[in-house]
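The residues making up each chain are set out below.
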Amino acid sequence: MLTLTRRQTLALGAGGLLTGILAGHGIARAAVGDTLTIAYNVNLPSFDPTVGPSAVNPTIQAIYRSVFDQFIGQAPDLSFQPGLLTDWGWNEDRTKVWMDVREGVTWHDGSPFTPEDVVWSLERAADETTGNPIQFIWSTAGNYTIEGNRITGDVLRFEPTFFKWMAFLTGYVLPKAYYEKVGPEGFEKAPIGTGPYMVDAYEGNAFLRLKANPNYFGGKPAFETVVFKFVPDATSRVAEIESGSSDITLEVPYEEYDRLREASGLAGVATPISDIGMIFLNDIDVMEDRNVRLAAHHAIDKKAIVDRLLRGYGVPIDTLEAPEYEAFDPSITVPYDPDKAAELLAASGYSPDNPVKFTIQTTRGFKPKDYEMIQAIVGMWRKVGIEAEIEVYEIAKHYELRAADQLAPAAFYNWGNAIGDPTTSTGFAMFGPSPHSVWDTDDLDGMIGPLWGEPDEEKRISGWKAVSKYIAENGYVIPLLQYVQPVVYKADLAVTPNVSGALEPTLVSRS
Amino acid sequence: MLALQALHRLLMAAVTLFGVAVVVFVLLRVVPGDPVAMMIAPGASPEDVAALRARYGLDLSIPEQFLVWLGGVVTGDFGTSISLRRDVLELLSERLPATLELAVAALLVAMLVGGAVAVAGTLARRSVLGSAIDGFNGVMLAIPDFVWALALVLGLGVMVPLFPLTGRIDPTAADGFSSRFYLVESLLTLRFEVFADVASHMVMPTLALALPLAAIIARVLKASLVEAMGEDYILLARLKGMSETRLVLQEALRNAVGPTLALTGVQFTFLIGGTVIVERIFAYPGIGNMAIDAVINRDLPLIQGLVLMFGLLFILVNVAVDAAVAALNPRLRHG
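Asks: Outline the overall build of chain A, supporting the account with residue identities and numerical values.
Replies: The number of helices and strands found in chain A is 16 helices and 19 strands. Over its C-alpha trace chain A gives a radius of gyration of 26 Å, about what one expects of a compact globule, namely 24 Å for 511 residues. Along the three orthogonal principal directions, the C-alpha set of chain A runs to about 100 × 70 × 40 Å. Burial analysis of chain A (511 residues in total) assigns 51% to the buried set. If you take every contact in chain A between residues at least 6 apart in sequence, the share linking residues at least 24 apart comes to 69%.

Asks: I'd like a rundown of the overall build of chain B, residues and numbers included.
Replies: Along chain B, the regular secondary structure elements total 13 helices and zero strands. Counting from the amino terminus, helix and strand elements in chain B follow one another as α-α-α-α-α-α-α-α-α-α-α-α-α. Across its three principal axes, chain B shows a C-alpha extent of roughly 85 × 55 × 40 Å. Relative to its full complement of 335 residues, chain B shows a buried share of 43%. Taking as baseline every contact in chain B between residues at least 6 positions apart, the subset at least 24 positions apart corresponds to 74%.

Asks: How would you summarise the interface of chain A and chain B if you had to cite specific residues and measurements?
Replies: If you look at the interface, chain A gives 52 residues, while chain B gives 52 residues. Mapped by element, the contributors of at least two residues to the side of chain A that touches chain B are α1 (6-30), β8 (197-203), β9 (207-212), β10 (225-230), α7 (234-242) and α13 (395-403) of chain A. Among the elements that line the side of chain A that touches chain B, the one with the most residues is α1 of chain A, at eight residues. Tallied by class, residues from the side of chain A that touches chain B come to 24 nonpolar, 18 polar and 10 charged.

Asks: For the sheet that holds strand β4 (residues 85-90) of chain A, give the residues involved together with the corresponding values.
Replies: Consider a sheet: its strands pair through backbone hydrogen bonds, and that pairing is either parallel or antiparallel. All names here are of chain A. Spatially, the four strands line up as an open sheet ordered β4-β5-β7-β6, and their pairing is antiparallel. Single-partner strands in this sheet number two, and they are β4 and β6 (141-147). Strand-to-strand, the axes of this sheet are offset by a mean angle of 20 degrees, without reference to chain direction. Looking at chain direction, β6 and strand β7 (residues 150-155) are connected through five bridges and run antiparallel. Looking at the pairing, Glu147 lines up with Arg150 of β7.

Asks: I'd like to hear about the pairing of strand β5 (residues 96-101) of chain A, residue by residue, with values.
Replies: All names here are of chain A. Only one face of β5 is buried: it carries Val97, Met99 and Val101, and the other face, with Lys96, Trp98 and Asp100, is open. With five bridges joining them, β4 and β5 adopt antiparallel strand pairing. Counted as the bridge partner of Asp87 is Asp100 from β5. The antiparallel hairpin formed by β4 and β5 contains five residues in its connecting segment, where Arg94 sits at a positive phi of about 60 degrees. For β5 and β7, the ladder comprises five bridges, and the chain directions are antiparallel. Bridge pairing in β7 links Lys96 to Asp154.

Asks: Give a description of the environment of Arg150 of chain A that names residues and reports values.
Replies: Residues and elements named next belong to chain A. Counting through the fold element by element, Arg150 comes out in strand β7. C-alpha of Arg150 to C-alpha of Val101: the two residues are 49 residues apart in sequence and 6.2 Å apart in space. Residues contacting Arg150, with those up to four places away along its chain left out, are Trp98 and Asp100.

Asks: Outline helix α10 (residues 244-281) of chain B, supporting the account with residue identities and numerical values.
Replies: In this model, α10 of chain B (38 residues) spans only 43 Å end to end at C-alpha, well below the 56 Å of a helix rising 1.5 Å per residue. Along its length, α10 of chain B shows its largest kink, about 60 degrees, at Leu253 of chain B.

Asks: Quick rundown of unusual backbone geometry? Include the residues and the values.
Replies: Even without being glycine, Asp285 of chain A reaches a positive phi, approximately 50 degrees. With respect to the helices, strands and loops of the structure, Asp285 of chain A is situated in the loop between β12 (266-281) and α9 (290-298). Backbone geometry at Arg85 of chain B places phi at a positive 55 degrees, although glycine is not the residue there. Summarising the element assignment, Arg85 of chain B is placed in the loop between α3 (62-74) and α4 (88-123). The class for Arg85 of chain B is partly exposed, based on 19 C-beta atoms found within 10 Å.

Asks: Run through the environment of Gly115 of chain B, naming residues and quoting values.
Replies: Residues and elements named next belong to chain B. Relative to the helices and strands, Gly115 resides in helix α4. Here Gly115 falls in the partly exposed class, since 19 other C-beta atoms lie within 10 Å of it. Here the alpha-carbon distance between Gly115 and Gly79, two residues 36 residues apart in the chain, equals 43 Å. If sequence neighbours within four positions are ignored, Gly115 has contacts with Ile217 and Leu221.

Asks: Any details on the pairing of strand β14 (residues 356-362) of chain A? Residues and values, ideally.
Replies: Residues and elements named next belong to chain A. Extensive coverage of β14 is indicated by the burial of five of its seven residues. Both β14 and strand β15 (residues 386-392) contribute to a ladder of seven bridges, which runs parallel. Its bridge partner being in β15, Val356 is matched across the sheet by Ile386. Bridging between β14 and strand β16 (residues 410-416) involves two bridges; their strand directions are parallel. Across the sheet, the residue bridging to Ile360 is Ala410, located in β16.

Asks: Can you lay out the packing of α10 of chain B against helix α12 (residues 300-328) of chain B for me, pointing to particular residues and giving the numbers?
Replies: All names here are of chain B. At a minimum axis separation of 9 Å, α10 and α12 run at an interaxial angle of 170 degrees. It follows that α10 is roughly antiparallel to α12 by the angle criterion. Contacts from Val257, Gly258, Leu261, Ala262, Gly265, Phe268, Thr269 and Ile272 of α10 reach α12 at Phe310, Leu313, Phe314, Val317, Asn318, Val321, Ala324, Val325 and Leu328. Looking at side-chain class alone, the contact of α10 with α12 contains 13 nonpolar, four polar and no charged residues.

Asks: Mind laying out the confidence of the model for chain A, listing which residues take part and the relevant values?
Replies: On average, residues of chain A score 92 in pLDDT, and 94% of them are at 70 or above. With pLDDT under 50 throughout, residues 26-32 of chain A is counted as low confidence; its partners more than four residues away or in other chains account for 11 contacts.

Asks: I'd like a rundown of the confidence of the model for chain B, residues and numbers included.
Replies: Per-residue pLDDT for chain B averages 88, and the proportion of residues at 70 or more is 97%. Interface confidence for the predicted complex, expressed as ipTM, amounts to 0.84; the pTM equals 0.87.

Asks: How would you sum up the nonpolar core? Please name residues and give values.
Replies: In terms of nonpolar packing, the biggest core is built from 229 residues, with Met278, Ala295 and Val477 of chain A together with Ala214 and Ile217 of chain B touching the most fellow members. Considering every element that reaches this core, the biggest residue donor is helix α8 (residues 192-228) of chain B, with 23 residues. Those residues in contact with Ala214 of chain B, other than ones at most four positions away along the chain, are Ala110, Val113, Gly114, Val117 and Met140 of chain B.

Asks: Please provide a residue-by-residue account of the environment of Ile317 of chain A, values included.
Replies: Residue and element names in this part refer to chain A. Here Ile317 shows up in the loop between β13 (314-316) and α11 (338-347). Taking the C-alpha atoms as reference, Ile317 lies 9.3 Å from Pro330; in sequence the two are 13 residues apart. Once you skip the residues sitting within four places of it in the chain, Ile317 turns out to touch Ile276, Ala322, Pro479, Leu481 and Gln482.

Asks: Now, about the packing of α4 of chain B against α8 of chain B: what can you tell me, with residues and values included?
Replies: Residue and element names in this part refer to chain B. Between α4 and α8, the least distance of the axes is 6 Å, while the angle of their chain directions is 40 degrees. One way to sum up the angle between α4 and α8 is to call them oblique. Our pair here, α4 against α8, has a crossing hand that is right-handed. Grouping the constituent residues of the contact of α4 with α8 by class yields 22 nonpolar, five polar and one charged.

Parameters at a glance
- Residue positions are given per chain, counting from 1 as you read along its sequence in written order.
- As a convention, the first chain written is A and the first ligand written is 1, with the rest following in written order.
- Residues qualify for local features only when their pLDDT is at least 70, as the model is predicted, and side-chain atom pairs are given and counted only at 80 or more; totals for whole chains, interfaces and linings, by contrast, use all residues.
- Strands are runs of DSSP state E lasting at least 2 residues, helices are runs of H or I lasting at least 4, and numbering of each runs from the N terminus.
- Radius of gyration: C-alpha atoms only; globule rule: 2.2 Å multiplied by the number of residues to the exponent 0.38.
- Partly exposed residues are those whose C-beta has more than 12 but fewer than 20 other C-beta atoms within 10 Å; with 20 or more the residue is buried, with 12 or fewer it is exposed, and the C-beta atoms are placed from the backbone.
- Two residues qualify as being in contact provided that their C-beta atoms, derived from the backbone, are within 7 Å of each other.
- Any residue outside Ala, Val, Leu, Ile, Met, Phe, Trp, Tyr, Cys, Pro, Asp, Glu, Lys and Arg is labelled polar, Gly included; the first ten of those are nonpolar and the last four are charged.
- Following DSSP output, two strands are said to pair if at least two bridges run between them.
- A fitted line through C-alpha atoms serves as each axis, taken over the contacting stretch for helices, and the angle formed by two N-to-C directions is quoted from 0 to 180°.
- Multiplying 1.5 Å by the residue count of a helix minus one yields the expected span of that helix.
- Note that the bend at a residue is defined as the angle between axes fitted to the seven residues ending at it and the seven residues starting at it.
- Here the angle decides the label: under 35 degrees means roughly parallel, over 145 means roughly antiparallel, 65 to 115 means roughly perpendicular, and every other value means oblique.
- For every residue, the pLDDT score states the predictor's confidence, bounded by 0 at the bottom and 100 at the top.
- A set of buried Ala, Val, Leu, Ile, Met, Phe, Trp, Tyr and Cys residues, joined to one another through C-beta atoms within 7 Å, is what we call a nonpolar core.
- Note: crossing handedness is left-handed where the near helix turns anticlockwise from the far helix by less than a right angle, and right-handed where it turns clockwise.

Written out as structure tokens, the structure is:
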């Protein structure tokens, strides 16, 4: 008979435990196959895509779009396409909106999707008591009526971007009957949508597990299961993809991107997205001097910043309109010209020996190389006669100062605009009364004001181009670059890059 | 007498927690970062901003806000998280078990490793090996937990991928739990495969937290052991022919463990604080990871709840350590 000493028993137990723990890792590996595992860069705070702070977080939209459908869909190139609405528009005199609702769609619980769901979602979004952050757009139409699959409503205040917002933040259709039955808390615990994937399991700060919706109107998704692992630390995301624990990840440092895409079994794609880096100028102190503003812009070698700091991953821009945006005008340029910058400063009595002084605020680590970029810019400025002192702050502080119009004369920030409309970029960033603008001058507000409700689309877009030109000529803001989003994935996957930056599982397939 | 001591303890705990509540509440409202500023819609008017402020009760004066919040806390209502839109107490009770399992595992590993190093160092104290152990321990002591975390990610996560890098459990196996104590529950319900999976996810964060604490324990325990080894009763035992190993383990260790235990208790509270960064690196869903998101989002109710929770944990740990030290030391036990 085999007898074991106490020491042998302990050793066996420890050995068994270690073997079990190591084998436990095997479970995680074995699941890969029909499962797409995404090492995602943010946590999902809340499931309701129409209320609360997370509803306006662009990074989370990829998750929301997996579970819910938007009123209007958006292709990876930012063009609009039928979503739960198959057609939409205004009547001739812009006093009515009409929408045709897709037929044959079901919610994840099997119940039919109806025009009532669309109307309820629109009215709920327009109701200021529900807390939809984009209520100011949704409230511009109302009094909806349903006839068959067509919805008609009154235009309460003409808003040219009304339908564009239907493919953007909070533009999601939620299930009326289900939501009213379970309430907000019940919905958070068991959300349903009409989207390509259904919520299967969720653990905050850890993962979201989705399973394919076999009845999806766009066809059954490529993967049976999708797992979003919430990995906010970039180093850990690199490790996730490098170790094979995840199949795809995004927003890794550019140095790591260059290394990983060359690694065996991995591939990468880097695409310019609808997110730009810029320097807000506040109309205070020395920034009231046009020469100083323009000199500050002309003195920045944006290409050198992109090439040397961002390893070429960025697109220099001269207006707040990126090339994919509707009001982008390539003829508007503010070239790098240090001599001109010095001349402008000299005209105002400044020189390298007698520099103009101001503070520039920036985040550090919030966006790729943000602090380093500002350091480089301050160095470029110094050569022409600008002495800027860098003040580092947290992004929360930026929001607070911006809302109170108390930013420093210059402040670095990034701005997203996934629908590419000029109102959601130049408009909100530069219109004085906007809580997100710190430039408040009557001349610019006078140009922008009439464009908000301009019904003639051609006239509206050309109006915004004129605004961009005027801003560039007067140096009211310093646009820097359009960001490039790096995505790394296993080589046996095919990934369609999304200009909106949303890494949607439906854009990933097996190659 | 015992009842009076307990009452005194309870009173002190309440006073401490109240102090923590006041400090955190005031600090959060003084430091930069307005949560409402982070939620303002692009087209919001000043009236919209005021309404948003009123929705979260931020339109009241700070003393009024404090009284409203304190009144809620006393009745078990810690408020609603601004960013997660859920009851704060519910969120804390969901996340705390993950952190507790991690912290306790780290403590056990630290005690085992630290104890082993201390004993080995004591046995080899007059040799080159002893110096080597001391030097090694010094290096361990100098490396903070987040550096260990990154080194482990690289070593055991990428170069030799033995353990899962992130999370608490394999997402495809995370079903069927009736509590949030995954490790304990899977063991008690004899789901060994799940237990192994949960344990494998804990290995790296546990080591990252445990190794710096182990170095501290090793240093303090070794000093106590060396001191004890010079006592008369050890000399007597040695004269009786007891081996050096038995002298350390059976005689010196019992007397040396008291101060180490007290220090370990204090360090354990720091270890819980260390979970914040380690949980972030390993995407481990505990209260530490949640705390970072709460701070980034200026989620005032959640931060307040988290700090109170940390404060309560610190108090409970200290009470437990005092009790343990008293139990081990008859002089303290009998006043």
